[in-house]
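Read off the chains here:
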Number of protein chains: 2
Amino acid sequence: MTAIKETSTNFENKRIVQFQCPVSFTLEKIGGRWKPLILFNLQKGPLRYGELKRCIPPITEKMLIQHLKELEADGLVERKSLPVVPPHVTYSLTTAGKSLNTILDGMAEWGLAQQNQG
Amino acid sequence: MTAIKETSTNFENKRIVQFQCPVSFTLEKIGGRWKPLILFNLQKGPLRYGELKRCIPPITEKMLIQHLKELEADGLVERKSLPVVPPHVTYSLTTAGKSLNTILDGMAEWGLAQQNQG
DNA sequence: TTTGATACTTACTTTAGGGTTAGTACTTGC
DNA sequence: GCAAGTACTAACCCTAAAGTAAGTATCAAA
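For clarity, every value in this text was computed on a predicted model and none was experimentally measured.

### Thoughts on the sheet that holds strand S3 (residues 88–93) of chain B
All names here are of chain B.
Part 1 of the reasoning: With respect to topology, 3 strands assemble into an open sheet ordered S1-S3-S2, the strand pairing being antiparallel. Edge positions in the open sheet fall to strand S1 (47–48) and strand S2 (77–82), since each of these has one partner strand only.
Part 2 of the reasoning: Of the strands in this sheet, S1, S2 and S3 touch helix H3 (residues 35–43), which is tilted by about 95° from S3.

In structure tokens:
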């Protein structure tokens, strides 16, 4: 992924904020450019790596696996691979991942309402 | 604020994603390191600039006004200033800003639940 | 006359997120 | 033999977000 510098004020503040504010903690898990899109697409059901890629055309492969790995590490997404050739890998939401649905729906609703007014 | 480069893929993707995904649109408004903290503190009622600063010790003054200005530009926060010396400025949530409360509460709840399990 | 309080502003540097390009291993179909 | 499809990996670069440090104007109190 990316090497992070654990001595910077930037890093320290990130930790402080996430520790003190549960909203920031949540945003850390579902934020970033592509995570909402990934989670949204997985809401309908499991998808293979290539299918996800096709669902989100502008994403690069690097960004896609990077975010999938983070989501997996955070326990929101589950990876299942069949050891066949060619490889067959599916990604799906875990229980924790599914528990985000109401929040994501709320955000989507708010976003649409705002867009229609602006 | 910061000059942005409107020709980069980065910028283009940002636009595409926000246009196509209302969740990303919402995250753009309330994301960033300090916005959740600011919105949270204003939920209780209007605060002066200096009071806000004291509520969020690690934030720098630059970051505080920068985010306040963005929130104001997005219509989530209202700035009222009395033209006195020394200056007296208060910030409060607008109707749109207050309409975020349920979402923020949902995120806080989810974050706390996750933290207690992790 | 220096200090403190108010609410900022400006110029500069650092860092983390995102993007580009190319390559991996294996097999099937042309 | 070469391309195409599978799911990645690795090296590198660029930029937006965040942080640092200092300065602005005005007045009152010590």
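### Some remarks on the protein's contact with DNA strand D
Part 1 of the reasoning: In the neighbourhood of DNA strand D, 28 residues make up the surrounding shell, with Asn-13, Glu-61 and Arg-79 of chain A together with Lys-5 and Lys-62 of chain B lying closest.
Part 2 of the reasoning: When the atoms of DNA strand D within 4 Å of the protein are sorted by group, sugar and phosphate make up 77%.
Part 3 of the reasoning: In this structure, a phosphate oxygen belonging to DNA strand D sits 2.8 Å away from a side-chain N or O atom of Thr-9 of chain A.
Part 4 of the reasoning: Residue Trp-34 of chain B places a side-chain N or O atom 3.0 Å away from a phosphate oxygen belonging to DNA strand D.
Part 5 of the reasoning: For the surface near DNA strand D, the secondary-structure elements that each account for two or more residues are helix H1 (9–20), helix H4 (49–55), helix H5 (61–73) and strand S3 (88–93) of chain A together with helix H5 (61–73) of chain B.
Part 6 of the reasoning: A class-by-class count of the residues in the surface near DNA strand D yields 11 nonpolar, 8 polar and 9 charged.

### Points about the sheet that holds strand S2 (residues 77–82) of chain A
Residue and element names in this part refer to chain A.
Part 1 of the reasoning: Pairing is antiparallel in the open sheet, where 3 strands are placed in the order S1-S3-S2. Of all the strands in the sheet, just strand S1 (47–48) and S2 have a single pairing partner and so form its edges.
Part 2 of the reasoning: Inspection of the sheet shows S1 paired to S3 by 2 bridges, in the antiparallel sense. Looking at the pairing, Arg-48 lines up with Thr-90 of S3.

Parameters and conventions
Residues numbered from 1 in each chain as written. Chains lettered and ligands numbered in written order. Predicted model: local features only at pLDDT ≥ 70, side-chain atom pairs only at ≥ 80, totals over all residues. Heavy atoms only, no water. Pairing = 2+ DSSP bridges. Helix = DSSP H or I, 4+ residues; strand = E, 2+ residues; numbered from the N terminus. Contact = heavy atoms within 4.5 Å. Axes fitted to C-alpha atoms, helices over the stretch in contact; angles between N-to-C directions. Near = heavy atom within 4 Å. Polar contact = N/O pair within 3.5 Å; in protein donor to acceptor, adjacent residues only side chain to side chain. Nonpolar A, V, L, I, M, F, W, Y, C, P; charged D, E, K, R; others polar.

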